[in-house]
Amino acid sequence: MLAVAIGAGISGAHAAQEPPGTVVSPVIADQDPDNGLIEGLQLAKKLGLAYRTPPGAKASELRNDQGLDALLVIDESEPPGWTITFQRLQGTELGDTAASKVDTFLENLGTGDDRPEVRSRETLGIRLLGGAKDQLYPAELVYLDVPLESTQGVSGLLVIQTEPNAFLYGTLFAVEKSFEAGGEKTIRALFDSLRIEPATGRIESEMTRIEQGAIILEHFTPDLLRAIAEQEINEFYRIYAVDQEGVINEVGWQQMSTKLAPMSAIEGTKAGEDVASTEGLMVTLKGEIVEFYESRKITIDSLANHWMSLDREQGRWSIIRTPRRILQVGGNRTESEVGSPKSETGVRTRPQPRAMVMVMDSDGQDQQLEIPPAPAPFLDQAEIYVLGRLLKAAGIESFEADWYTLDQRANSGFGIRKRSDRTASAGAQGAYKIETIGSRGRSTQFFDESGTRTRLEKTLADGRTLVFELIDPKTLIDIYTEKNLPVR
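Just so it is clear, the structure is predicted and the values come from calculations on it, not from any experiment.

Should the charged atoms of two oppositely charged side chains come close, the side chains can pair. Summed over the entire model, instances satisfying the criterion amount to 29 salt bridges. Among the salt bridges present, the one from K483 reaches E250, with a minimum N-O distance of 2.8 Å. Of the two residues, K483 is situated in the segment after α9 (473-482) and E250 in strand β13 (residues 248-262); the sequence distance between them amounts to 233 residues. By relative accessible area, which is 39% here, K483 ends up partly exposed. On the basis of relative accessibility, which here comes to 6%, the residue E250 falls in the buried class. Salt-bridge contacts for E435 lead to K433; the nearest nitrogen and oxygen are separated by 3.9 Å. By relative accessible area, which is 21% here, K433 ends up partly exposed.

Structure (structure tokens):
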């Protein structure tokens, strides 16, 4: 699962879908004429849903396997006593209502002894964000009793009609004991806190972030990109996973370097192509996965080159991963290749009138994708790895932006998908962080005052945190030598 992370990086094309950690949404205040100021509401902007995280719970924003934005609210007990997921869905029939949606849901449960029993059902009204007490969106809530192997569960569905043909769904699952021991009351408090942002406000907010993304990319001029390329950056990262008890499992390492290079430096250039004079930013990622060494004596080498022209109009890349069996570690490391290397090459064409991305791999799979036309902003893979330095060089310190990137989810394949970034202070003088929400969930990158990335964190499916940590290569060698891991 983690092996592909080194070759393309967490923000690149091959990191697997993982759930996010807690998102600190913008805190807002909703002026209620009857009840005074409601403090502590957070806004899930992608959903247009304001909420207050209940005590003893945590909230996180993500994009699910279908690419839909979602809000997850989960009980912090171990194991969790309940979870709720909110997402937006379009209606399929004109005239659909919250009540008819629940009716259809119940009808589709089937008949017979295994049909869940309706525990309760009621009609609700969810407040307009910033509106008066009687400005309500119609909603329907139903709870079902669901038998489990060793206990009893409760499933729930909250349907809120936000537009004539658009709905917010809240799907819940709870352990009955937790539900009856206070969970239901906590969930009710969450529902009472919900506020719906009007569709016009949500759309305007999304457009503002897209426009901000386009404005930022306008600052990435040929001269600025050349300056970053000529810095010849050379950074090493230790990659490890840490569990909730602080136990560290070494995953691998990555070296990231940059240089000014012609397009011909990328493998896969076609014979006869006139590319020698086309200069661009080249980002090279070298790495090795060591997480399988202890159990299988196998590592995976990775070499990725990402190139983008200085005018940002075209790009190319190549990635190759080679599994190796390690026969001996230490000063006389010996190894042999295992199976065949896996490779991938890609091309991003200049707009003619639309830009295309073409991806080819060693298994013979070819894909073509169309990039949204300007002014929609497209963030190239090469830019992703030096984003902190680009922002610092452009003098951009604070923003919230959406842009499109090339992305591959393990179960959905390649796609041009939207990603959202926002900056926040990281405490130290000049240090900052970028919080990213994309199709694989959420990650946080930390940067020093020069724009150098010092750390990246992402929560994995098993609850561990995957960490990329800037490190001196000599220190990394000492750590690996002490743990009897292979080094180069």
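Now that the structure has been shown, we can carry on.
To continue, consider unusual backbone geometry. A cis amide bond, omega 0°, links E78 with the succeeding residue P79. Within the secondary structure, P79 is located in the loop between β5 (69-75) and β6 (82-90). In this chain, Q352 is followed by P353 through a cis amide linkage whose omega measures 0°. The topology assignment puts P353 in the loop between β18 (342-348) and β19 (356-361).

Let's shift gears to the pairing of β13. It is a general feature of regular strands that their side chains alternate between the two faces of the sheet. Where strand β12 (residues 234-242) lies against β13, nine bridges are found, and the strand directions are antiparallel. Paired with V242 across the two strands is I248, which belongs to β13. The pairing of β13 with strand β14 (residues 279-289) spans 11 bridges and is antiparallel. Bridged to T258 within β14 is V283.

Right, let's get into the environment of Y404. Relative to the helices and strands, Y404 is located in strand β21 (residues 400-409). Residues contacting Y404, with those up to four places away along its chain left out, are I210, P372, A376, P377, F378, L379, I416, R417 and K418.

With that settled, consider the packing of aromatic side chains. Per the counting criterion, the structure on display carries four aromatic pairs. The ring of Y293 has K297 lying over it, and the distance from NZ or CZ to the ring centre is 4.6 Å. Between R453 and the ring centre of Y237, over which it is positioned, the NZ or CZ distance is 4.6 Å.

Across the protein chain, pLDDT averages 84, with 86% of residues at or above 70. Within the protein chain, the element-level pLDDT minimum falls on helix α1 (residues 3-8), averaging 41, and the maximum on β12, averaging 97. Long-range and interchain partners of residues 1-27, a stretch whose pLDDT sits below 50, account for 118 contacts in this model, where long-range means more than four residues apart. Counting interchain partners and residues more than four positions distant, the pLDDT-below-50 stretch residues 33-37 has nine contacts.

The rules we used
- Residues numbered from 1 in each chain as written.
- Predicted model: local features only at pLDDT ≥ 70, side-chain atom pairs only at ≥ 80, totals over all residues.
- Heavy atoms only, no water.
- Salt bridge = Lys/Arg side-chain N within 4 Å of Asp/Glu carboxyl O.
- Helix = DSSP H or I, 4+ residues; strand = E, 2+ residues; numbered from the N terminus.
- Buried < 20%, exposed > 50% of the residue type's maximum accessible area, 1.4 Å probe, protein only.
- Pairing = 2+ DSSP bridges.
- Contact = heavy atoms within 4.5 Å.
- Phe/Tyr/Trp six-rings, centres within 6.5 Å; stacked < 30°, edge-to-face > 60°.
- Lys NZ or Arg CZ within 6 Å of the ring centre and 35° of its normal.
- pLDDT = per-residue confidence, 0-100.

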